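Descriptive analysis of the structure
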Amino acid sequence: MRLILLGPPGAGKGTQAKRLMDAHGIPQLSTGDMLRAAVKAETEIGLKAKDIMARGDLVPDAVVVGIVEERVEQPDCKSGFILDGFPRTVAQAEALETMLNAHGMGLDAVIQLEVDEGALAARVEQRVAESGGAVRDDDNVEALKKRLAVYREQTAPLVDHYRSTGDLVVIDGMKSIDEVEADINEALSVRT
Ligand code: ADP
């Protein structure tokens, strides 16, 4: 099963991706996690991405497309994967389509987690509080505002894109974590 999780920062993509991973035995591919690992390891990509990420901007399409392409070719992605945080632009979605077609693969669903914008800042603040201070360079009010603006401008158009391809599944992300998980699994059982 190949899935995309779509939604603004704080929508719960990472939380649900982990649950889907456990339930379906397929890996979670989080471009945010991969980029943070690159920053930590001070690789060439990491050095380029560090400041861009800290201010809440998007890392160039070619960079993320490259890391995703490398990742989906790994053996553990053979039976599927959950993309979390990718694609984030229409250009990335197009590159993904080309990539999947080249491997004779298709998408099973694009799960959009719909949340009230007002709840997002509170969720990110809670994440910071629970971890005893900001663990991510971009978990601050200014970067969050930027991430939301970038989401609205560059990523939200993907909702229409995937509605038109017939892949879109809209899930109410304001429910409890367990309820959201149950709704996703129900929607998937109907489709796959
Ligand atoms: P969020 O919690 O905001 O969804 P992520 O962990 O997915 O954050 O991503 C953190 C940062 O990593 C983004 O703000 C961006 O700078 C960079 N990033 C992650 N995925 C992508 C992507 N697909 N394209 C460009 N930049 C990305």
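Structure first, text after, so check above.
Residues numbered from 1 in each chain as written. Predicted model: local features only at pLDDT ≥ 70, side-chain atom pairs only at ≥ 80, totals over all residues. Heavy atoms only, no water.

Attention shifts here to a negative patch on the surface. The grouping of Glu114, Asp116, Asp172 and Glu179 at the surface amounts to a negative patch. Looking at the element boundaries, Glu179 is found in helix H9 (residues 177-191). (Patch = residues over 30% accessible without salt bridge, like charges linked within 9 Å, V, L, I, M, F, W, Y side chains within 5 Å. Areas by Shrake-Rupley, 256 points an atom, 1.4 Å probe, with all protein chains shown as cover. Salt bridge = Lys/Arg side-chain N within 4 Å of Asp/Glu carboxyl O. Lys, Arg positive; Asp, Glu negative; His and termini not counted. Charge placed at Lys NZ, Arg CZ, Asp CG, Glu CD. Helix = DSSP H or I, 4+ residues; strand = E, 2+ residues; numbered from the N terminus.)

So, on to the site of the ligand. By nearness alone, 19 residues border the ligand, and Thr31, Arg36, Asp57, Gly85 and Gln92 come closest of all. Within the side chain of Thr31, a nitrogen or oxygen atom sits 2.8 Å from a nitrogen atom of the ligand. In isolation the ligand has 550 Å² of accessible area, and contact with the protein removes 96% of it. If you tally residues by element for the shell around the ligand, the top one is helix H2 (residues 31-40), at four residues. Of the residues belonging to the shell around the ligand, the class tally is seven nonpolar, four polar and eight charged. (Near = heavy atom within 4 Å. Polar contact = N/O pair within 3.5 Å; in protein donor to acceptor, adjacent residues only side chain to side chain. Nonpolar A, V, L, I, M, F, W, Y, C, P; charged D, E, K, R; others polar.)

With their axes 10 Å apart at the nearest point, helix H4 (residues 61-72) and helix H5 (residues 90-102) run at an angle of 30° to one another. Classified by the angle between their axes, H4 and H5 sit roughly parallel to one another. The chirality of how H4 crosses H5 is right-handed. Seen from H4, the contacting residues are Asp61, Val64, Val65, Val68, Glu69 and Val72; seen from H5, they are Ala91, Gln92, Ala95 and Met99. (Axes fitted to C-alpha atoms, helices over the stretch in contact; angles between N-to-C directions. Parallel < 35°, antiparallel > 145°, perpendicular 65-115°, else oblique. Left-handed = near helix turned anticlockwise from the far one by under 90°. Contact = heavy atoms within 4.5 Å.)

Glancing now at the nonpolar core. Counting 30 residues, the largest nonpolar core has Leu35, Val59, Phe81, Leu83, Phe86, Leu96 and Tyr162 as the members making the most contacts within it. When residues of this core are traced back to their parent elements, those giving at least two are strand S1 (2-6), H2, helix H3 (44-54), H4, strand S3 (81-84), H5 and helix H8 (157-164). Apart from the residues lying within four places of it in its own chain, the contact partners of Tyr162 are Ile4, Pro87, Ala93, Leu96, Glu97, Leu107, Val110, Asp167 and Leu168. Leu5, Val124, Leu144 and Ile171 belong to the second largest nonpolar core, which has 21 residues in total. (Core = buried A, V, L, I, M, F, W, Y, C linked by side-chain atoms within 4.5 Å. Buried < 20%, exposed > 50% of the residue type's maximum accessible area, 1.4 Å probe, protein only.)

Either a parallel or an antiparallel arrangement is found when strands of a sheet pair, and the pairing is made through backbone hydrogen bonds. As summarised here, the arrangement of the five strands in space is S2-S3-S1-S4-S5, forming an open sheet in which the pairing is parallel. Among the strands making up the open sheet, the edge pair consists of strand S2 (28-30) and strand S5 (168-172). Between one strand and the next, the sheet's axes are offset by a mean angle of 25°, whatever the strand orientation. In this structure, S2 lies alongside S3, joined through three bridges in parallel fashion. Looking across to S3, one finds that Leu29 is bridged to Leu83. (Pairing = 2+ DSSP bridges.)

Next up on the list: unusual backbone geometry. With an omega dihedral of 0°, the bond running from Phe86 to Pro87 counts as a cis peptide bond. Take Pro87: it is sitting in the loop between S3 and H5. Unlike most non-glycine residues, Glu42 shows phi in positive territory, near 55°. On the secondary structure map, Glu42 appears in the loop between H2 and H3. Judged by its relative accessible area of 59%, Glu42 falls in the exposed class.

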